[in-house]
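Residue-level listing of the chains:
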Amino acid sequence: MPDPYDDLLDSILPKRPPAPGKLNPQFETHVNDIVGSLKTRGLNARIAEGYRSPEQQDAYYAQGRTKPGPIITYARSSSGKHPRGEAADIDLLDASGKPLASNDPQWKVLGEEAQKRGLGWGGSWKKLRDFRHVEMNEQQKPRDEYDSLLDEVMTPVNVPHG
């Protein structure tokens, strides 16, 4: 039996492909590979949303709190991965082009493909499971010069006691 929440999510969440150049390049490669693999495995898939502006992320966060509707995210723009270009929502579609219900077992295939590439999958979350969501994990991000300098500054120094 379809979950009525699915129809609500389908009506409020956008179906817009990510803006070119707005996703982390390494992550974008993974997302495109996942969609290709899903299609090879016989599933109809599309990238529903990638980069989200900070304003859009905050609007999603306000929903269910200060604006009507159910809570659909726990991430504000300051902590969300969509505004950093490190998350995407991928729809699996039925024969009519409508996203599959959240209780459809085929979502596990998306999870397998994401995890095979070292990505996080929203379907494995304990709270507010998001089957269409994939994201970069922290260990996948390239370290920048600032991180290296911070490591140097934060390295413990052995000071003789005495």
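Residues numbered from 1 in each chain as written. Predicted model: local features only at pLDDT ≥ 70, side-chain atom pairs only at ≥ 80, totals over all residues. Heavy atoms only, no water.

Considerations on the overall build of the protein chain
Secondary structure assignment for the protein chain yields five helices and four strands. The helix and strand sequence of the protein chain, counted from the amino end, reads α-α-β-α-β-α-β-β-α. Evaluated residue by residue, the protein chain yields a buried proportion of 41% over its 162 residues. Taking all contacts inside the protein chain whose residues are at least 6 apart in sequence as the whole, residues at least 24 apart take part in 64%. (Helix = DSSP H or I, 4+ residues; strand = E, 2+ residues; numbered from the N terminus. Buried < 20%, exposed > 50% of the residue type's maximum accessible area, 1.4 Å probe, protein only. Contact = heavy atoms within 4.5 Å.)

Observations regarding helix H2 (residues 25–40)
Over its 16 residues, H2 extends 23 Å from the first C-alpha to the last, a length consistent with the 22 Å expected when each residue adds 1.5 Å. Among all positions in H2, only Phe27, His30, Val31, Ile34, Val35, Ser37 and Leu38 are buried. Down the axis of H2, the buried set is contained in an arc of 165°. They therefore lie on one face. In H2, those exposed residues whose orientation departs by more than 90 degrees from the buried face are Pro25 and Thr40. Elements in contact with the buried residues of H2: strand S1 (44–49), strand S2 (87–93), helix H4 (107–116) and strand S4 (133–135). The backbone nitrogen of Gln26 has a side-chain oxygen 2.9 Å away, supplied by the residue at the start of H2, namely Asn24. Where H2 terminates, the next one or two residues include Gly42, which has phi positive at roughly 90°. (Expected span 1.5 Å × (residues − 1). Arc of directions from axis to C-beta. Polar contact = N/O pair within 3.5 Å; in protein donor to acceptor, adjacent residues only side chain to side chain.)

Brief notes about the environment of Asp130
Here Asp130 shows up in the loop between strand S3 (120–121) and S4. The spacing of Asp130 and Ser102 is 28 residues in sequence and 8.4 Å in space, taken between C-alpha atoms. When near neighbours in sequence (up to four residues on either side) are disregarded, Asp130 contacts Asp89, Gly122, Gly123 and Trp125.

Things to note about the environment of Gly85
By secondary structure assignment, the location of Gly85 is in the loop between helix H3 (54–62) and S2. Through-space distance from the C-alpha of Gly85 to that of Gly50 is 6.7 Å; in sequence the pair is 35 residues apart.

A look at the pairing of S2
Of all seven residues that make up S2, seven are buried, and the element is covered over most of its length. Here S2 shows a buried face lined by Ala87, Asp89, Asp91 and Leu93 and a second buried face lined by Ala88, Ile90 and Leu92. Judged from the five bridges that link them, S1 and S2 form a sheet pairing that is antiparallel. Within S2, the position partnered with Asn44 by the bridge is Leu93. (Pairing = 2+ DSSP bridges.)

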